Amino acid sequence: MSTLWALFLLPKTTVCIMKRFVIWKHDSDEYLCLCVLLYRWKVDGREIDMDLNYNLVEGNLLINNPHATHHGGVYQCIATNTFGTILSREAKVQFAYLQNFSRKPRNTVSVREGQAVVLLCGPPPHNGEIKYSWVFNGRPSFLLQDTRRFVSQRTGNLYIAKVEASDVGNYTCVVRNMMTNATVYSSPTPVELRRDAVMAEYEPKIEVQFPERLHVTKGSSVKLECFALGNPVPAITWRRTDGNPLPGKMKINHSNGVLEIPYFRPEDAGAYECVAENSRGKNIAKGQLIFQSMITLKDAHMAIEANLQWECRASGKPKPVYRWLKNGEPLVLEDRILLEGGRLAISRINLLDSGMYQCLAENEHGAIYASAELKVVASAPDFSKSLVKKSMLIQRGGEVIMECRPHASPRASISWRRGGEFLKDSRRRTIMEDGTLRITNISKSDGGRYTCVARNPFGTSSSTGTLVVKEPTKITVPPLSVDATVGQSIVLPCEVSRDSSLDPTFKWFFNGKLIDFNKQDHIEMIGGESAGDLMVRNIQLKHSGKYVCMVHTVVDSVSAAADLIVRGPPGAPEGLMVGEITDSSAQLSWGSGPDNHSPVTTYSIQARTPFSIGWQAVRTVPDSVPGQMFHATVIDLNPWVDYEFRVVASNNVGVGEPSMQSKQIRTKAAVPEVAPGNVSGGGGSRGELVIQWEPIPEELQNGEEFGYIVAFRSLGTTTWKQTVLPSPDASRYTFRNDSIPPLSQFEVKVGVYNNEGEGPSSHVVVVYSAEEEPSIAPSRVLARTLSASEIEVYWEPIPQTASSGKIIGYEVLCWEEGVQESDAEMVKVTDTVALLSGLMGSTLYLISVRAQNSAGAGPSSPAVNVTTKKPPPSQPPGNIEWNLTNSKIFLKWEHVKAMGNESEVTGYKVVYRQNWLGKSSVVETNRTSVELQVPSGEDYLIEIKVLSGGGDGSSSGPIRIPKMSSKRLLFLSFTIHRMNFWVSKVP
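Residues numbered from 1 in each chain as written. Predicted model: local features only at pLDDT ≥ 70, side-chain atom pairs only at ≥ 80, totals over all residues. Heavy atoms only, no water.

This paragraph deals with the overall build of the protein. Helix and strand counts for the protein stand at one helix and 92 strands. Relative to the 2.2 N^0.38 estimate, which gives 30 Å for 987 residues, the radius of gyration of the protein is 58 Å and therefore markedly larger than a compact globule would have. Pairs at least 24 residues apart make up 63% of the contacts formed inside the protein by residues separated by at least 6 positions. Accessible surface, the protein as shown: approximately 53800 Å² in total, 50% of it carbon and sulfur. Computed over 103 positive and 102 negative side-chain charges, the inter-centroid distance for the protein is 10 Å. (Helix = DSSP H or I, 4+ residues; strand = E, 2+ residues; numbered from the N terminus. Rg over C-alpha atoms; globule rule 2.2 N^0.38 Å. Contact = heavy atoms within 4.5 Å. Areas by Shrake-Rupley, 256 points an atom, 1.4 Å probe, with all protein chains shown as cover. Lys, Arg positive; Asp, Glu negative; His and termini not counted. Charge placed at Lys NZ, Arg CZ, Asp CG, Glu CD.)

By the secondary structure assignment, E644 is in strand β64 (residues 642-651). You can call E644 buried: its relative accessible area is 16%. Not counting the four nearest positions on each side in its chain, E644 is found in contact with Q606, A607, R608, W615, Q661, S662 and Q664. (Buried < 20%, exposed > 50% of the residue type's maximum accessible area, 1.4 Å probe, protein only.)

Alignment of strand β75 (residues 779-785) against strand β76 (residues 791-796), held across five bridges, turns out to be antiparallel. In the sheet register, S779 faces β76, and the bridge partner there is E796. Where β75 hands over to β76, the hairpin turn is made up of five residues, counted between the paired strands. (Pairing = 2+ DSSP bridges.)

With antiparallel pairing, four strands are arranged side by side in an open sheet as β57-β58-β63-β61. Unpaired on one side and paired on the other, β57 (574-581) and β61 (620-621) mark the two borders of the sheet.

The next point concerns the pattern of salt bridges. Taken as a whole and assessed by the stated rule, the structure comprises 37 salt bridges. One salt bridge in this structure joins E273 and R239, with 2.7 Å as the shortest N-O distance. Of this pair, E273 sits in strand β27 (residues 270-278) while R239 sits in strand β24 (residues 235-240), and the two are 34 residues apart along the sequence. Residue classification places E273 among the buried positions, given a relative accessible area of 6%. Using a relative accessible area of 37% as the deciding quantity, one classes R239 as partly exposed. Residue R405 is joined to D434 by a salt bridge in which the shortest nitrogen-to-oxygen separation is 3.5 Å. Within this pair, whereas R405 is found in the loop between β39 (400-402) and β40 (407-409), its partner D434 is found in the loop between β43 (429-431) and β44 (437-439), the two being separated by 29 residues in sequence. Taking the relative accessible area as the measure of exposure, R405 reaches 47% and is therefore partly exposed. On the basis of relative accessibility, which here comes to 35%, the residue D434 falls in the partly exposed class. A single salt-bridge network, built from bridges that share partners, covers R112, R194 and D196. (Salt bridge = Lys/Arg side-chain N within 4 Å of Asp/Glu carboxyl O.)

On inspection of all chains with the given rule, the structure shows 17 aromatic pairs. Three or more aromatic residues joined by ring pairs make a cluster, and in this case those are F712, Y733, F735 and F746. The cationic tip of R666 hangs over the ring face of W640; the distance from NZ or CZ to the ring centre is 4.6 Å. (Phe/Tyr/Trp six-rings, centres within 6.5 Å; stacked < 30°, edge-to-face > 60°. Lys NZ or Arg CZ within 6 Å of the ring centre and 35° of its normal.)

Another aspect to go through is the sheet that holds β43. In spatial order, the strands read β39-β44-β43; together these three strands make up an open sheet with antiparallel pairing. Two strands bound the open sheet, and with one partner strand each, they are β39 and β43. In this sheet, adjacent strand axes meet at a mean angle of 15 degrees when their direction is disregarded. (Axes fitted to C-alpha atoms, helices over the stretch in contact; angles between N-to-C directions.)

Here the focus is the state of the cysteines. Tallied over the full model, the rule gives five disulfides. Bridging C226 to C274, the disulfide has an S-S length of 1.9 Å. Handedness of the C226-C274 disulfide follows from its S-S torsion of about -75 degrees: it is left-handed. Here C274 lies in strand β27 and C226 lies in the loop between β22 (222-225) and β23 (227-231), a separation of 48 residues in the sequence. One disulfide bridge connects C494 with C549, the sulfur atoms lying 2.0 Å from each other. (Disulfide = S-S within 2.5 Å.)

On the surface, a cluster of positive charge is made up of K131, R176, K223 and K251. If you trace the backbone, K223 turns up in strand β22. For K223, a relative accessible area of 58% puts it in the exposed group. (Patch = residues over 30% accessible without salt bridge, like charges linked within 9 Å, V, L, I, M, F, W, Y side chains within 5 Å.)

For the rest of this paragraph, the subject is the UniProt feature "domain: Fibronectin type-III" (unreviewed entry) in the protein. On the UniProt side, "domain: Fibronectin type-III" (unreviewed entry) is annotated at positions that read residues 572-670, 675-772, 777-871 and 872-967 here. A helix fraction of 0% and a strand fraction of 49% characterise residues 572-670, whose end C-alpha atoms lie 34 Å from each other. Helix and strand shares over residues 675-772 are 0% and 50% respectively, and the end C-alpha atoms of the span are 32 Å apart. (UniProt positions renumbered as here; feature names shortened; annotations may be inferred.)

It is worth spelling out the nonpolar core at this point. Judged by nonpolar contacts, the single largest core of 21 residues is most densely connected at W134, L158, Y171 and V175. For this core, the secondary structure elements donating two or more residues are β12 (117-119), β14 (130-136), β16 (158-160), β17 (169-177) and β19 (189-198). The biggest single contributor to this core is β14, with four residues. (Core = buried A, V, L, I, M, F, W, Y, C linked by side-chain atoms within 4.5 Å.)

Turning next to the side chain of H543. In this fold, H543 is placed in the loop between β54 (533-536) and β55 (545-552). Owing to a relative accessible area of 4%, H543 belongs among the buried residues under this scheme. Leave out the neighbours within four places in its chain, and H543 touches F510, H522, I523, V536, N538, L564 and V566.

This part covers the environment of L393. Positionally, L393 belongs in strand β38 (residues 391-395). Put simply, L393 and K806 are 413 residues apart on the chain and 113 Å apart in space, counted from C-alpha to C-alpha. Non-local contacts of L393, meaning those with residues more than four positions away in its chain, are made with V468, K470, V554 and V555.

Right, let's talk about the confidence of the model for the protein for a bit. When the pLDDT values of the protein are averaged, the result is 86; 93% of them are 70 or greater. The weakest mean pLDDT in the protein belongs to strand β92 (residues 983-985) at 29; the strongest belongs to β64 at 97. Under a pLDDT of 50 for its full length, residues 1-34 has, in the predicted model, 77 contacts with residues more than four places off or in other chains. Every residue in residues 965-987 scores below 50 in pLDDT, and together they form 43 contacts with partners more than four places removed in sequence or on other chains. (pLDDT = per-residue confidence, 0-100.)

Further remarks concern the environment of S220. Position of S220 relative to the elements: it lies in the loop between β21 (213-217) and β22. For S220 and N901, which are 681 residues apart along the polypeptide, the C-alpha to C-alpha distance reads 109 Å. Non-local contacts of S220, meaning those with residues more than four positions away in its chain, are made with I261, P262, Y263 and F264. One polar contact links the side chain of S220 to the main-chain carbonyl oxygen of T217, over a distance of 2.7 Å. (Polar contact = N/O pair within 3.5 Å; in protein donor to acceptor, adjacent residues only side chain to side chain.)

So, in structure tokens, the structure goes:
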């Protein structure tokens, strides 16, 4: 069973279909109307009688047990209500079928390898949508399509772009009806391969292509086919000829042979190209997709005797023909009715012209409809929705427009009266064509009640309003244009005279934009009821512009404007360029920036190098660059240095922002101009002459391959010895000759050079050669042991005559018995006593001393023997007990007994401090208890150590004693044993 149904809505009605009733609310009515909507159906122009085969269900036509013989045809619905009648679009009912293929055998197709082939399907008679497929050699699955094989859904043919040996076999065309699901198979078409030759390569030939022009309706789906034959197999691509990208919703199948655009929209319209390309060339197919717009009409509610015009336009190929219907019937032409193409014009409409109108556009492909209602209105004048304004305030000397626009059909004639006197046009009063009353140059005597009277053939009506005349508002103290300097504060006045009954509102505009005072930091409005002065504090350049004071009342508006010119430091110069560059100068040019209303007086130039701290002022020619000059030469630059420049403008207000820095440039190289400074020397080992100087900074080296030339000669001789040091970082040179006597005098100078040549040399200075090491060893060396880890050493200093130079210190050597002296530990001191620490207990050490000057160390003294004491006891004090009462701490512990290899216990050391960060105090005792006097109210940390001849022994570890409360007496005792704590508290 199949069902055909249609639903129609009357224009400008709110429709709800419910058991064939329509509830609607008309635009010009304020009541609801319930009216019956009647439906009828026609088939092939004959009206259908409802019987067992046809049923009407809420306007829809239901066909029971449809049969091709009795129920095929063209159907149309007719809908009628009190407004008129309209027709639906025609609907054609057809019954799907699919006949069998002819069983006649098909001819064999012979083809060369590399050649293309097209196998024809030739579908049998059918109706309804069908789908084409092909089967190869009777296999159960359909032949897969790819870039080489394509099945057209328009013709059903199979296209093979380039035949291969594997294509030999039998091909069967399969046709399926998508509505009935019936499927039929053709006779096989054999394909065999010719062996006489192989097909050469050739350019693509497009065999399947889409129409040149295709009209597409909104929302429909478009499928364009394109496939090419060729050797090699052509590649298929798609594009739009206008250069726009393909729609994102577009779909392309695996072989690229089908382009599908679903849900067609106006923006999808345009020219499309299919490009087939291989190594031998390419071919292009083009087509135009044209958006087929639907025709629409708007309802017309018009006054009687008015003129109606409707325009109906549709696109299509061939060009559509137009017909007009009224209430479902062809429109009867009269002298008042004109039809021209799709245009309908009716002059001087009357009540009988009311009804439902339809425009029908049709061509050989079908027809489309557009519907609209014409409602002709005839009524007396009515002011209920457009009363004359009840009260109109206007300033004296002004102008008033009183509108009178009643609803009337036909249009009403308008007259005005003031009180009981009808008004006529005069020099100041005019009744305009649309009924509006205009009064100019109003005076106090024009105040009063005005009535508009409207008449037409169906009646008369009137509406009254009152005109109130007020004194005009005037700005008595307007703002004046002002020049100001950045940082100043000004007030722009704005005072008015006004009607005493009106309250003015002040608004200020800056460069055409309303000033929001809530968002301003510098601007505020001040003044009383009749003043709205504007104060601008700490003026900035951005405040320069046009200011408008606007005063509003309910009657009028007045304004006054003033210009504020803000003078400030100049803006940044522009377009800085670097011209000719030498080793010490550079030519600069630039353009002027904004002068900010104060002419530029001078320009200054700044430079920056990798060696400078920020930007520095540089010398120029001319020395002072005037504001009218836009070029200068920078001088006194260092050769072979990277520079950046910028220009700063100044005027009478101040110094402006700098320009953008120039691109980095490098000055040309030159011979060095600066000699090394602070040349000195001395020291070193015997037979050496050490020369030192301060190296030349990189920015003063003036070129590449920079180095030093060191020259020296014995005092009193004439011949200089020279050496070249090619390192720019060098600051020291040592000349070695064992024949040089100690402390010999030499004249020394240091020069500079680079790849441009030699520069100046330093002043000649006298430098002494190295000293001779001390010749004797220290005498009367004594050593005594202080503890298990410390030894103190004493000796007599060597006489000054034993050294050619100054003694700068002594080296103390210490090594264990059995160890080589070369492996000894060394301690350097400047005095004649040394403390050796970190030694091992109960160990024999050998100790010697030697003197040292700048030339080196002298001979060592004979070694002396000394043995360190036994190490201190390793056992810490244990079983520590403490009591806290008032401000006293009582401590007690067990005596520590030294082991046989440890020093005897000589006493104990108690270290205590407040908290962790407090200053420590020490108490020593030879007993195993102690009493500490401490202030109350603080925590204390206490440690107990063993004292012995070998030094301090192990510590008990920190013991924390908490502070004592001042409100009650506490007695706390702790016993420590193997890190376990016991606490007792007595209230």
